[in-house]
Amino acid sequence: MKPQALAVTRDNATPLRLFWLATLSMFLIISQTLMAQARGVPESFADLAERISPSVVNITTSTMVAGRTGPQGIVPEGSPFEDFFREFQDRNGPQGERPRRSSALGSGFVISEDGYIVTNNHVIDGADEIEIEFFEGFTLPATLVGTDRNTDIALLKVDADEPLKFVNFGNSDEARVGDWVMAMGNPLGQGFSVSAGIVSARNRALSGTYDDYIQTDAAINRGNSGGPLFNMNGDVIGVNTAILSPNGGSIGIGFSMASNVVTKVVDQLKQYGETRRGWLGVRIQDVTDDVAEALGLASAKGALVSDVPEGPAMEAGMEAGDVIVSFDGREIEDTRQLVRIVGNTEVGKAVRVVVNRNGKTETLLVTLGRREEAERTFPASQEVTPEEPSEMEMLGLTLSPLTQELRDEMDLPVSAKGLAVTAVDETSEAFEKGLRAGDVITEAGQVQVLTVADLEGQIEEAEAAGRKSLLLLVRRGGDPRFVALSLEP
């Protein structure tokens, strides 16, 4: 009986096994589909495009420009056709010289039902008239609320009889390299065009102080400027601003200003009609490896203060040579990050700034000013003239204490003080790092130097401390920067 029972079990096992295999296969397919959806891989962009298209607009601007200003002669002098063309120009000259209207196209998107629209500043810059074309086919005139050239953002306003369809900003910091994105706009005047791609890179900088671009391979062309870059939730995570192209067309390298930068600008433009950025009041430079070694820092991080003019930082006790390592609770990696954080901080806010000074950390309480209103004035320095001026060569530099004669020769103000660089050995490290005759060394090892003896003392002190390099504060045309020079022969 047992063998028979086993035989029956085996016979019934075949369809049962097939059933379970089919169930398992279906489970795997469903799991893969759910995982794909969780990763945001769309089967189609159609539903998303249909939902958010009504909030994207085409922008047409017109500007009055001067008439013909180019060369008037179109035939050689003495030509038999000269009289004919002169007569033609005289007949058409007044019309040719008459101012004409020039038009330009761009994109934008509605951010509120009452008609606020975001675009690029360069789309509407200098425009006399701005006309908005909506997806549904109607047009409305727009007025300019405010612009910010630093981020190339402009805010417009239209008055509509009915509430407008709008989109929301998303959190650009959550966008990851490889995420799907969709760009919409008016490329090459084609209107309401959709392109899709991925986030190719984050935190790109082009040329602006406050740059924070999302790089994407979604096709962006001329006319897409000011249009939105959407994530798969339909939230705007960037404003399409620029392309990198040898021929003016898309090659898959486009840049969108990150929404977390744009939202702060838009809020200020809406409230004030202008931006109001925080101002710390320092000149800064990145901490390089040799500067970090010269200062005895553990790593090349932070922002090195090269000058402290009158302003919030000076009032709080900040000094040239301080390295800002933390601002308002956020660790500082480099100068670009610090500038962005300070600019995004509320004007008048008291923030804690942690600096590294002579190997120790100090916390300063700084009340931020407003960058747009800041007048950078430099305090006059008391002139100190050494009793016995002398000239000496060291560190690849020929140095001399500043005298009034040298100040006049180098076109320096009476307040200038330090060591004048009168020559630089072209084979030296100093020359490689950009020092030139006419520069003025005002500090060495974060100590003021007025004589060659002062500099020699700082070199000896650095060598005694086991330092391999010495940090110099160098001014050229009033602009300061730190340079670390090696002490090893």
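Calculation criteria
- Per-chain numbering applies: the sequence of each chain, read as written, is numbered from 1 onward.
- Note on the predicted model: pLDDT of at least 70 is required for a residue's local features to be given, and 80 or more for side-chain atom pairs to be given and counted; whole-chain, interface and lining totals, by contrast, use all residues.
- No hydrogens and no water enter the side-chain calculation; it runs on all heavy atoms of the structure.
- Going along the chain from the N terminus, every DSSP run of H or I of four or more residues is numbered as a helix, and every run of E of two or more is numbered as a strand.
- Burial classes follow relative accessibility: with a 1.4 Å probe on protein chains only, a residue under 20% of its type's maximum area counts as buried, one over 50% as exposed, and anything between as partly exposed.
- Pairing of aromatic rings covers Phe, Tyr and Trp, the last counted by its six-membered ring, and requires centre-to-centre distances within 6.5 Å; plane angles under 30 degrees mean stacked, over 60 mean edge-to-face, and any other angle means tilted.
- Put simply, a charge is over a ring when the Lys NZ or the Arg CZ is close to the ring centre, within 6 Å, and near the line of the ring normal, within 35 degrees.
- Pairs of N or O atoms are called polar contacts if they sit within 3.5 Å, as long as, within protein, a hydrogen donor faces a hydrogen acceptor (for residues adjacent in sequence, only side-chain-to-side-chain pairs).
- Should any heavy atoms of two residues lie within 4.5 Å, those residues are counted as being in contact.
- Whenever Lys or Arg places a side-chain nitrogen within 4 Å of a carboxyl oxygen from Asp or Glu, that contact is recorded as a salt bridge.
- Each pair of strands is called paired provided DSSP finds at least two bridges between the two strands.
- Note on definitions: angles span 0 to 180 degrees between N-to-C directions of axes, and those axes are lines fitted to C-alpha atoms, for helices only across the stretch in contact.
- Helix span, as expected, comes to 1.5 Å for every residue beyond the first.
- This arc is taken over the directions from the axis of the helix to the C-beta atoms.
- Each residue carries a pLDDT value, the predictor's own confidence for that position, ranging from 0 to 100.

Caption draft 1: Local environment of unusual backbone geometry. Positive phi outside glycine occurs at leucine 188, with the angle close to 55 degrees. Note that leucine 188 resides in the loop between β8 (180–185) and β9 (193–204). By relative accessible area, leucine 188 is classed as exposed at 59%. One non-glycine residue, asparagine 358, adopts positive backbone phi at about 55 degrees.

Caption draft 2: A look at the packing of aromatic side chains. The final tally for this structure, using the stated rule, is five aromatic pairs. Ring centres of phenylalanine 134 and phenylalanine 138 lie 4.6 Å apart, and the angle between their planes is 15 degrees; on these two criteria the pair is classed as stacked. Overall, phenylalanine 138 belongs to the partly exposed group, its relative accessible area being 33%. The cationic tip of lysine 157 hangs over the ring face of tyrosine 116; the distance from NZ or CZ to the ring centre is 5.5 Å. Seen from the ring of tyrosine 116, lysine 270 lies directly overhead, with NZ or CZ sitting 4.7 Å from the centre.

Caption draft 3: Region of interest: the side chain of serine 107. In this fold, serine 107 is placed in strand β2 (residues 100–110). Within the structure, serine 107 has its side chain in polar contact with the backbone nitrogen of asparagine 186 (distance 2.7 Å). Within the structure, serine 107 has its side chain in polar contact with the backbone oxygen of glycine 223 (distance 2.5 Å). Ignoring anything within four residues of it in the chain, the contact list for serine 107 reads Val57, Ile59, Thr119, Gly185, Asn186, Gly223, Asn224, Ser225, Gly226 and Gly227.

Caption draft 4: Structural context of the pattern of salt bridges. With the rule as written, the count across this model stands at 20 salt bridges. In this structure, aspartate 148 engages arginine 277 in a salt bridge whose closest nitrogen and oxygen atoms are separated by 2.5 Å. Pair noted here: aspartate 148 is in strand β6 (residues 143–148) and arginine 277 is in the loop between α5 (259–272) and β14 (278–279), with a separation of 129 residues, a long-range link. By relative accessible area, which is 3% here, aspartate 148 ends up buried. Note that aspartate 159 and lysine 157 form a salt bridge whose closest N and O atoms lie 3.3 Å from each other. Residue aspartate 159 is classed as exposed on the basis of its relative accessible area of 64%.

Caption draft 5: Fine view of the sheet that holds strand β10 (residues 213–216). One closed barrel accounts for six strands, arranged β8-β9-β10-β13-β12-β11; its pairing is antiparallel. Geometrically, the sheet is characterised by an average inter-axis angle of 45 degrees between neighbouring strands, direction not taken into account. In this sheet, strand β13 (residues 254–258) lies alongside strand β12 (residues 236–243) in antiparallel orientation, the contact comprising five bridges. The residue of β13 that forms the bridge with isoleucine 243 is glycine 254. In the packing of α5 onto the sheet, the strands contacted are β12 and β13, and the crossing angle to β13 comes to about 50 degrees.

Caption draft 6: Quick peek at helix α11 (residues 452–464). Over its 13 residues, α11 extends 18 Å from the first C-alpha to the last, a length consistent with the 18 Å expected when each residue adds 1.5 Å. Every buried residue of α11 is accounted for by Val452, Leu455, Gln458, Ile459 and Ala462. Along the axis of α11, the buried positions cluster into a sector of 125 degrees, meaning they face one direction only. The outward face of α11, more than 90 degrees from its buried face, is lined by the exposed residues Glu460, Glu461 and Ala464. In this fold, the buried residues of α11 make contact with β22 (392–394), β23 (397–401), β24 (419–424), β25 (440–444), β26 (447–448) and β27 (469–476).

Caption draft 7: Geometry of the confidence of the model for the chain. A residue-level look at the chain finds 79% of positions with pLDDT of 70 or above and a mean pLDDT of 82. Considering only residues more than four positions removed or in separate chains, one finds that residues 1–11, a stretch of pLDDT under 50, has zero contacts. When the criterion is pLDDT under 50, residues 375–389 qualifies, and its contacts beyond four places in sequence or with other chains add up to 25 contacts.

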